[in-house]
Amino acid sequence: MSFAPLQNDSFLRACLRQSTDHTPVWLMRQAGRYLPEYVATRAKAGSFMGLATNTDYATEVTLQPLERYPLDAAILFSDILTVPDAMGLGLSFAQGEGPRFASPVRDEAAVAALQVPDMDKLRYVFDAVTSIRKALNGRVPLIGFSGSPWTLACYMVEGKGSDDYRLVKSMLYSRPDLMHRMLQVNADAVAAYLNAQIEAGAQAVMIFDSWGGVLADGAFQQFSMAYTQQVLKQLKTEHNGQRIPRLVFTKGGGLWLDEMAGLDCEVLGVDWTVNLAKARALVGGSKALQGNIDPNVLFAPPAQIEAEVDKVVQSFGRPHQGAGTGPTHIFNLGHGISQYTPPEHVAALVAAVHRASRRIRA
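Residues numbered from 1 in each chain as written. Predicted model: local features only at pLDDT ≥ 70, side-chain atom pairs only at ≥ 80, totals over all residues. Heavy atoms only, no water.

Looking at the pattern of salt bridges
This is how it is decided: Think of a salt bridge as a Lys or Arg side-chain nitrogen and an Asp or Glu carboxyl oxygen that are within 4 Å of each other. Strands are runs of DSSP state E lasting at least 2 residues, helices are runs of H or I lasting at least 4, and numbering of each runs from the N terminus. Residue burial is assigned from relative accessible area. The probe radius is 1.4 Å, only protein chains are included, and a residue is buried under 20% of its type maximum, exposed over 50%, and partly exposed in between.
Evaluation of the coordinates by the stated rule reveals 13 salt bridges. Of the charged contacts, one joins E37 and R68 as a salt bridge, the two residues approaching to 2.7 Å between their closest N and O atoms. With E37 in helix α2 (residues 36-45) and R68 in helix α4 (residues 55-68), the pair connects residues that are 31 residues apart, well separated along the chain. For E37, a relative accessible area of 23% gives the class partly exposed. Its relative accessible area of 38% is what places R68 among the partly exposed residues. Across the salt bridge formed by K236 and E199, the nearest N and O atoms sit 3.2 Å from each other. Of this pair, K236 sits in the loop between α11 (219-234) and β6 (238-239) while E199 sits in helix α10 (residues 176-200); the two residues are 37 residues apart in sequence, bridging distant segments of the chain. By sharing partners, the salt bridges in this structure join R243, R246, D264 and E266 into a single network.

As structure tokens, this is what we get:
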């Protein structure tokens, strides 16, 4: 497959700790419910999975935010739970309720039955990656993604989102052997899934460890970070002569940033609880940093958004300039964008990032 040459490579350059003329910006969940055009496309598709499994619709919604805003990267429109769905757990999305599995994994027999799924069951994802990459026509790079082995396990055991993680932590503490078996299957499945996205055209891949931060110290290293590292070790780092950056984001993982510096990846994402200057001092010598404005800043008036953006840019400080490599920053939210966000406030944020980041380089 050949694709159009890249016109804006600032995101990929920043991932690889190379200098850029501005700080690249993209937003977690940038294609989504805060955009009226997304809501209209979802209505046509009939359901969330109808949207995610239809190549044309998935392409359309991935590109929608790029039609509105000068973002520096696109991220595949999909869901982190496609992998356990392909394992036969029966994923569904009720309107306004979030994801649910028909067959949660809660006992020895269910864990023993888990296998890395046939990647052909996820062909709709890879077809969407190729379609989106073609439709982008080199405008910006395309990010592929998956949930982390631990985050997938949380949903697989709980059967849906959770407030207390009681079921998954009960298994972790009472039958760690079962938890390790599930996480091993998940790690191998996530690696195969992300490699298939790379082959289909993804130019960077991100692991969302959305629930890593709910673990106790010690448990995080054993049940989350160790399996994220297993995924990373299996990932392609090059495809068609191009480097493929690997990004890891653990929500609530700021406590373990010094240990995460040892992960075999190019970029660490941080949430809004992390001080970027301290994070840079800890990991800036080996990793690019991504983040980390509070998504709720987007409910403030545009002048306040601009002031908060400036604080984030100033907190990271002047990124590496010139030849070679050094500390770099990719601007993002500290978690996904809220569905209630006014679209014009996103425009204010993106413009403010480009402005403030050029100013700090001057």
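Considerations on the layout of surface pockets
This is how the line gets drawn: In this analysis a 1.4 Å probe is tested at points of a 1 Å grid over the protein atoms alone, and where it fits but cannot get out there is a cavity; an open set with protein on both sides within 12 Å along at least five of seven lines is a pocket; lining residues have an atom within 4 Å of a point. Grid points are joined across faces, edges and corners, and a volume is the space filled by probe spheres set on the points. For this classification, the nonpolar set comprises Ala, Val, Leu, Ile, Met, Phe, Trp, Tyr, Cys and Pro, the charged set comprises Asp, Glu, Lys and Arg, and every other residue, Gly included, is treated as polar.
A volume near 1300 Å³ is recorded for the largest pocket. Of all the secondary structure elements, the ones that give two or more residues to the lining of the largest pocket are α2, β2 (91-94) and β3 (98-101). Counting residues per element, the lining of the largest pocket draws most heavily on α2, which supplies 4 residues. Each pocket or cavity is described by its volume, and for the second largest pocket that value is around 490 Å³. Those elements giving two or more residues to the lining of the second largest pocket turn out to be α1 (10-15), α10 and β7 (242-243). When grouped by side-chain class, the residues that make up the lining of the second largest pocket number 10 nonpolar, 7 polar and 5 charged.

Concerning the pairing of strand β10 (residues 288-293)
To be explicit about the condition: Here, strands pair whenever DSSP counts at least two bridges between them. For the handedness criterion, the strands are oriented away from the viewer, and a crossover whose path from the first strand over the helix to the second runs clockwise is classed as right-handed.
Judged by how many residues are buried, β10 sits mostly within the fold: 6 of 6 residues are covered. Relative to β10, strand β9 (residues 267-269) runs parallel, the two sharing 3 bridges. Directly across from G269, in β10, lies its bridge partner Q290. Following the backbone out of β9, through helix α13 (residues 276-283) and into the adjacent parallel β10, one traces a crossover that is right-handed. The β-α-β motif built from β10, the intervening helix α14 (residues 302-316) and the parallel element strand β11 (residues 329-333) has right-handed crossover chirality.

Focus on the packing of α10 against α11
Heads up, the condition is: Each axis is a line fitted through C-alpha atoms, and for a helix only the stretch in contact is used; angles between axes span 0 to 180 degrees, taken between their N-to-C directions. These descriptions rest on fixed angle ranges, namely under 35 degrees for roughly parallel, over 145 for roughly antiparallel, 65 to 115 for roughly perpendicular, and the rest for oblique. Take the far helix as your reference; a near helix turned counterclockwise from it by less than a right angle gives a left-handed crossing, and one turned clockwise gives a right-handed crossing. Here, two residues are considered to be in contact whenever any of their heavy atoms come within 4.5 Å of each other.
At their nearest, the axes of α10 and α11 sit 9 Å apart, and the two run at 30° to each other. Overall, the two elements α10 and α11 adopt an arrangement that is roughly parallel. Relative to α11, α10 is oriented so that their crossing is right-handed. Mapping the contact onto sequence places P176, M179, H180, L183, Q184, A187, D188, V190, A191, L194 and N195 in α10 and Q222, F223, Y227, Q230, V231 and Q234 in α11. Among the residues forming the contact of α10 with α11, the class breakdown is 10 nonpolar, 6 polar and 1 charged.

Notes on the side chain of R361
Cut-off, in case you're wondering: For the charge count, each Lys or Arg is scored as positive and each Asp or Glu as negative, with His and the chain ends excluded.
Note that R361 resides in helix α15 (residues 343-361). One buried charged side chain, R361, makes no salt bridge at all; its nearest oppositely charged neighbour is D21, positioned 6.3 Å away. When near neighbours in sequence (up to four residues on either side) are disregarded, R361 contacts T20, D21, H22, T23, R318, P319 and Q321.

With respect to the pairing of β3
In this structure, β2 lies alongside β3, joined through 4 bridges in antiparallel fashion. Among the inter-strand pairings, S92 is bridged to a residue of β3, identified as R100. Hairpin connection, β2 to β3: the antiparallel pair is bridged by 3 residues, and G96 has positive phi, about 75°.

Here's the deal with unusual backbone geometry
The step from G291 to N292 runs through a cis peptide bond, and the omega angle for that step is 0°. With respect to the element layout, N292 can be found in strand β10. For R17, which is not glycine, the phi torsion reads 60° and is therefore positive. Topologically, R17 is positioned in the loop between α1 and α2. Exposure remark for R17: the relative accessible area of 13% places this residue in the buried category. We note that N137 has phi near 55°; this positive angle belongs to a residue other than glycine. With respect to the element layout, N137 can be found in the loop between α7 (123-136) and β4 (142-147).

Comments concerning the nonpolar core
Note the following rule: Joining through side-chain atoms within 4.5 Å is the link that ties buried Ala, Val, Leu, Ile, Met, Phe, Trp, Tyr and Cys residues into a set, and such a set is a nonpolar core.
Core analysis: the largest hydrophobic core is formed by 131 residues, its most contacted members being F11, W26 and V309. With 14 residues, α10 is the largest single contributor of residues to this core.

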